[in-house]
Amino acid sequence: MAGKTVKTEAIVLRSIRYGEADRILHLYTAQRGRVGAIAKGARRPKSRFGGRLEPFFRLDLLLHEGRGDLLTVTQAATVDGYPRLRASGAALGAGARACDAVLRLLDSAEPNPPAYNLLCRYLALLDDRGAAARAVGWSTALSFRLKLALVAGFSPELASCARCGEAEHLVGFSGAAGGVVCAGCEAGAFPLSEAAHRFMVEAIAKPLAEAPAAGELELRQAERAIGETLEHHAHVQLRAAA
Ligand SMILES: [Zn+2]
């Protein structure tokens, strides 16, 4: 077979039935960023891939790169199947929203190890909490989203006014400016409470498992701030975070 072999870890973001017995996979890989791959015969009862080519599986893969757009999966071993995540509706929903955000925001075939590790950590956290995944909740989902924006290169400016650099009297958030804005620059911005601002700063600084608590109003403002930043600067619209 001409072409070359790529060995990489990957998370299955999406798995689509294709043809008689195949699957097409959207993968986020450690070595290649986002790639598409085909697994031939994956839906046959005795397929050597077993049931592991499903969303959220963390796999060790051998991929064959030929001339087409899709790589071909030649070997797949499970690194982690996150079984407790799979058993909880709340955790499955959160995992699906995370994978969807990665699909929309990280579409390049450039390796991005921080993005890969972040997704693995979030899925592991959902798996850890399992049936208690509801407790992971909105603030953790937004922490994930903020960190994802950061590793994708679209982190909102939170330290000083995104328009003039003023460090005091930060009262609003502007997606177009890409961050917090001061009272003098707030035209076109929406009001951002101090608590929502603090939530975003702490959520970026702290590990995912220690996402800060915040009220509904703060979380709603934070989600809007992240969403508008990504719309303006990454041209990506994300689904509701929780
Ligand atoms: Zn300003």
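Residues numbered from 1 in each chain as written. Predicted model: local features only at pLDDT ≥ 70, side-chain atom pairs only at ≥ 80, totals over all residues. Heavy atoms only, no water.

(A) Spotlight on the overall build of the protein. For the protein, the helix and strand inventory stands at six helices and eight strands. When the helices and strands of the protein are listed from N to C terminus, the series reads β-β-β-β-β-α-α-α-α-β-β-β-α-α. Relative to the compact-globule value of 18 Å for 242 residues, the protein shows a C-alpha radius of gyration of 20 Å, a close match. Projected onto the principal axes, the alpha-carbon positions of the protein cover approximately 65 × 40 × 25 Å. At a minimum sequence separation of 6, the contacts of the protein that also span at least 24 residues come to 58%. If you sum the accessible surface of the protein, you get close to 11600 Å²; carbon and sulfur atoms cover 50% of it. Of the side-chain charges in the protein, 30 are positive and 25 negative, and the distance between the mean point of each set is 10 Å. (Helix = DSSP H or I, 4+ residues; strand = E, 2+ residues; numbered from the N terminus. Rg over C-alpha atoms; globule rule 2.2 N^0.38 Å. Contact = heavy atoms within 4.5 Å. Areas by Shrake-Rupley, 256 points an atom, 1.4 Å probe, with all protein chains shown as cover. Lys, Arg positive; Asp, Glu negative; His and termini not counted. Charge placed at Lys NZ, Arg CZ, Asp CG, Glu CD.)

(B) Focus on the coordination of the zinc ion. Ligation of the zinc ion by protein atoms is provided by C161 (SG), C164 (SG), C182 (SG) and C185 (SG), these donors lying 2.3 Å from the ion. Sequence spacing among the residues donating to the zinc ion works out to C-x2-C-x17-C-x2-C. Taken together, the residues span a long stretch of sequence, with C161 in the loop between helix 4 (137-151) and strand 6 (170-174) and C185 in the loop between strand 7 (179-182) and strand 8 (190-191) at a distance of 24 residues. The two residues C161 and C185 agree in class, both being buried. (Donors = N, O, S within 2.8 Å, 3.2 Å for Na, K, Ca; no water. Buried < 20%, exposed > 50% of the residue type's maximum accessible area, 1.4 Å probe, protein only.)

(C) Here's a closer look at the side chain of S160. Checked against the element boundaries, S160 lands in the loop between helix 4 and strand 6. Using a relative accessible area of 18% as the deciding quantity, one classes S160 as buried. Excluding residues within four positions of it along the chain, S160 makes contact with G165, E166, A167, L170 and V180.

(D) Fine view of the sheet that holds strand 2 (residues 22-29). If you trace the five strands once around the closed barrel, you get 1-2-3-5-4, paired in mixed fashion. The sheet shows a mean angle of 50° between the axes of neighbouring strands, direction not considered. Here strand 2 pairs with strand 3 (residues 33-39) via seven bridges, running antiparallel. Within strand 3, the position partnered with T29 by the bridge is G33. This element, helix 2 (residues 89-105), spans strand 1 (4-18), strand 2 and strand 3 of the sheet and lies at about 115° to strand 1. Sheet strands touched by helix 3 (residues 113-129): strand 1, strand 2 and strand 4 (58-65). Its angle to strand 1, the strand with the most contacts, is close to 50°. (Pairing = 2+ DSSP bridges. Axes fitted to C-alpha atoms, helices over the stretch in contact; angles between N-to-C directions.)

(E) Representation of the pattern of salt bridges in the model. Tallied over the entire structure, the rule returns 10 salt bridges. Between R239 and D100 there is a salt bridge whose closest N-O contact spans 3.4 Å. A residue pair is termed long-range when its members are at least 10 positions apart, and R239 in the segment after helix 6 (216-233) and D100 in helix 2 qualify at 139 residues. (Salt bridge = Lys/Arg side-chain N within 4 Å of Asp/Glu carboxyl O.)

(F) A look at the nonpolar core. In terms of nonpolar packing, the biggest core is built from 57 residues, with L119, Y122, F144 and M200 touching the most fellow members. Those elements giving two or more residues to this core turn out to be strand 1, helix 2, helix 3, helix 4, strand 6, strand 7, helix 5 (194-205) and helix 6. In this view, F144 contacts A98, V102, L118, L119, Y122 and L208; residues no more than four positions away in its chain are not counted. (Core = buried A, V, L, I, M, F, W, Y, C linked by side-chain atoms within 4.5 Å.)

(G) Structural view of the packing of aromatic side chains. Evaluation of the coordinates by the stated rule reveals two aromatic pairs. A centroid spacing of 4.5 Å and a plane angle of 15° characterise the contact between Y122 and F144, whose relative ring orientation is stacked. Of this pair, Y122 sits in helix 3 while F144 sits in helix 4, and the two are 22 residues apart along the sequence. Overall, Y122 belongs to the buried group, its relative accessible area being 2%. For the pair F173 and F190, a centre-to-centre distance of 6.0 Å together with 40° between the ring planes defines the contact as tilted. Pair noted here: F173 is in strand 6 and F190 is in strand 8, with a separation of 17 residues, a long-range link. For the residue pair F173 and F190, the accessibility class agrees, reading buried in each case. Above the face of the F190 ring, R224 is positioned so that its terminal group lies 4.0 Å from the ring centre. (Phe/Tyr/Trp six-rings, centres within 6.5 Å; stacked < 30°, edge-to-face > 60°. Lys NZ or Arg CZ within 6 Å of the ring centre and 35° of its normal.)

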